[in-house]
Amino acid sequence: MKKKSRAGAVLQTTGLILLLFVLVLCVPLTVPRAFGWQIYAAIDFNYGPEVSEGSLIYVEQYVGEDLAVGDMVTYYSASGGGVALRLVGENLYEEEQLYVTDGYGNGETVTYAQVMGHVVIIIPWLGLLLSAVATRAGAASVGGTFLLGLVLIVLGERRKQRK
């Protein structure tokens with residue numbers, strides 16, 4: 001009888017650990033959105049020395065005229081390359097434009113309309129996780145891990161209740 005209770009406890013504990021793993025995994029990918037922040041993963045080395053490839057980046061919406069030199073901003077690239085991340089080199093208020101640089105001296109001018117916001121938090125390497133979870137296979141893996149955790153908890157409870 002003790003073996004069954006112990007096995008049930010092991011199953012329940014394993015299930016709980018899996019559920020907590022999924023919860024901890026999803027918190028940095030979901031909770032910041034409640035603050036109105038957007039979440040991006042740095043996918044190349046063109047972000048300057050401040051941001052490493054694979055970092056998770058939280059961006060707060062911001063008006064172009066409120067940005068200052070040295071602020072890190074995200075904007076829609078005019079070349080159609082998606083979202084870019086750069087440092088503000090100069091705010092050209094009259095033209096409603098920003099001169100931005102990648103931190104290595106390469107720069108360009110972007111309009112306020114292109115600016116999405118400024119960077120609030122950078123978490124190194126967590127962007128790799130976001131990239132993996134954002135795929136169908138990644139989402140299926142997270143969902144499967146969650147379901148496995150639930151099944152183990154139920155099986156553990158049934159095993160403990162057997163006499």
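This is a predicted model, so every value here is computed, not measured. (Residues numbered from 1 in each chain as written. Predicted model: local features only at pLDDT ≥ 70, side-chain atom pairs only at ≥ 80, totals over all residues. Heavy atoms only, no water.)

A. Region of the structure containing the side chain of Thr 74. With respect to the helices, strands and loops of the structure, Thr 74 is situated in strand β3 (residues 72-76). What makes Thr 74 buried here is its relative accessible area of 2%. Once residues within four sequence positions are removed from consideration, Thr 74 is found in contact with Val 59, Val 83, Ala 84, Leu 85, Gln 114, Val 115, Met 116, Gly 117 and Val 119. (Helix = DSSP H or I, 4+ residues; strand = E, 2+ residues; numbered from the N terminus. Buried < 20%, exposed > 50% of the residue type's maximum accessible area, 1.4 Å probe, protein only. Contact = heavy atoms within 4.5 Å.)

B. A nonpolar patch on the surface, seen in detail. Among the surface-exposed residues, Leu 16, Leu 20, Leu 23, Val 27, Val 31 and Phe 35 lie close enough to one another that they form a single nonpolar patch of about 560 Å² accessible area. The topology assignment puts Val 27 in helix α1 (residues 2-30). Of the residues examined, Val 27 reaches a relative accessible area of 37% and is grouped as partly exposed. (Patch = residues over 30% accessible without salt bridge, like charges linked within 9 Å, V, L, I, M, F, W, Y side chains within 5 Å. Areas by Shrake-Rupley, 256 points an atom, 1.4 Å probe, with all protein chains shown as cover. Salt bridge = Lys/Arg side-chain N within 4 Å of Asp/Glu carboxyl O.)

C. Just the packing of aromatic side chains, in detail. In total, this model carries two aromatic pairs according to the counting rule given. With a centroid separation of 5.5 Å and an interplanar angle of 35°, the aromatic rings of Phe 35 and Trp 37 are classed as tilted. For Phe 35, a relative accessible area of 61% puts it in the exposed group. The rings of Phe 35, Trp 37 and Tyr 58 are connected pair by pair, giving a single aromatic cluster. (Phe/Tyr/Trp six-rings, centres within 6.5 Å; stacked < 30°, edge-to-face > 60°.)

D. The sheet that holds strand β6 (residues 107-111), seen in detail. Pairing in this open sheet of seven strands is antiparallel, and the strands run β1-β2-β7-β3-β4-β5-β6 from one edge to the other. Strands at the two margins of the open sheet, each flanked by one partner only, are β1 (37-41) and β6. Here the strands of the sheet are splayed against their neighbours by 45° on average, with no regard to which way each runs. Pairing of strand β2 (residues 56-61) with strand β7 (residues 115-123), which is carried by six bridges, proceeds in the antiparallel orientation. Note that in β7 the partner of Gln 61 across the bridge is Gly 117. Lying over the sheet, helix α2 (residues 126-133) contacts β1, β2 and β7, oriented at roughly 90° with respect to β1. (Pairing = 2+ DSSP bridges. Axes fitted to C-alpha atoms, helices over the stretch in contact; angles between N-to-C directions.)

E. Examining the pairing of β2 more closely. Pairing analysis gives five bridges linking β1 to β2, with the strands arranged antiparallel. If you follow Gln 38 over to β2, its bridge partner there is Val 59.

F. Local environment of helix α3 (residues 136-161). The end-to-end C-alpha distance of α3, which contains 26 residues, comes to 37 Å, matching closely the 38 Å that a straight helix rising 1.5 Å per residue would cover. All of the buried residues along α3 are Gly 138, Val 142, Gly 149, Leu 152 and Gly 156. (Expected span 1.5 Å × (residues − 1).)

G. How the structure looks around the nonpolar core. Ranked by size, the top nonpolar core spans twelve residues in total: Val 22, Leu 25, Leu 29, Trp 37, Ile 39, Ala 41, Leu 56, Tyr 58, Leu 126, Leu 130, Val 133 and Val 142. Counting residues per element, the ones that place at least two in this core are α1, β1, β2 and α2. With sequence-adjacent residues up to four places away left out, Val 133 is seen in contact with Leu 25, Leu 29, Gly 138, Ala 139 and Val 142. Counting ten residues, the second largest nonpolar core, distinct from the first, contains Leu 67, Val 88, Leu 98 and Val 115. (Core = buried A, V, L, I, M, F, W, Y, C linked by side-chain atoms within 4.5 Å.)

H. Region of the structure containing unusual backbone geometry. Phi angles above zero are rare outside glycine, and Glu 96 is one such case at about 55°. If you trace the backbone, Glu 96 turns up in the loop between β4 (83-92) and β5 (97-101). On the accessibility criterion, Glu 96 (48% relative accessible area) is partly exposed. One non-glycine residue, Trp 125, lies in positive phi territory at about 70°. When you line up the elements, Trp 125 lands in the loop between β7 and α2. Taking relative accessible area as the criterion, Trp 125 reaches 55% and is therefore assigned exposed.

Functional significance is not addressed by these values, which are geometric in nature.
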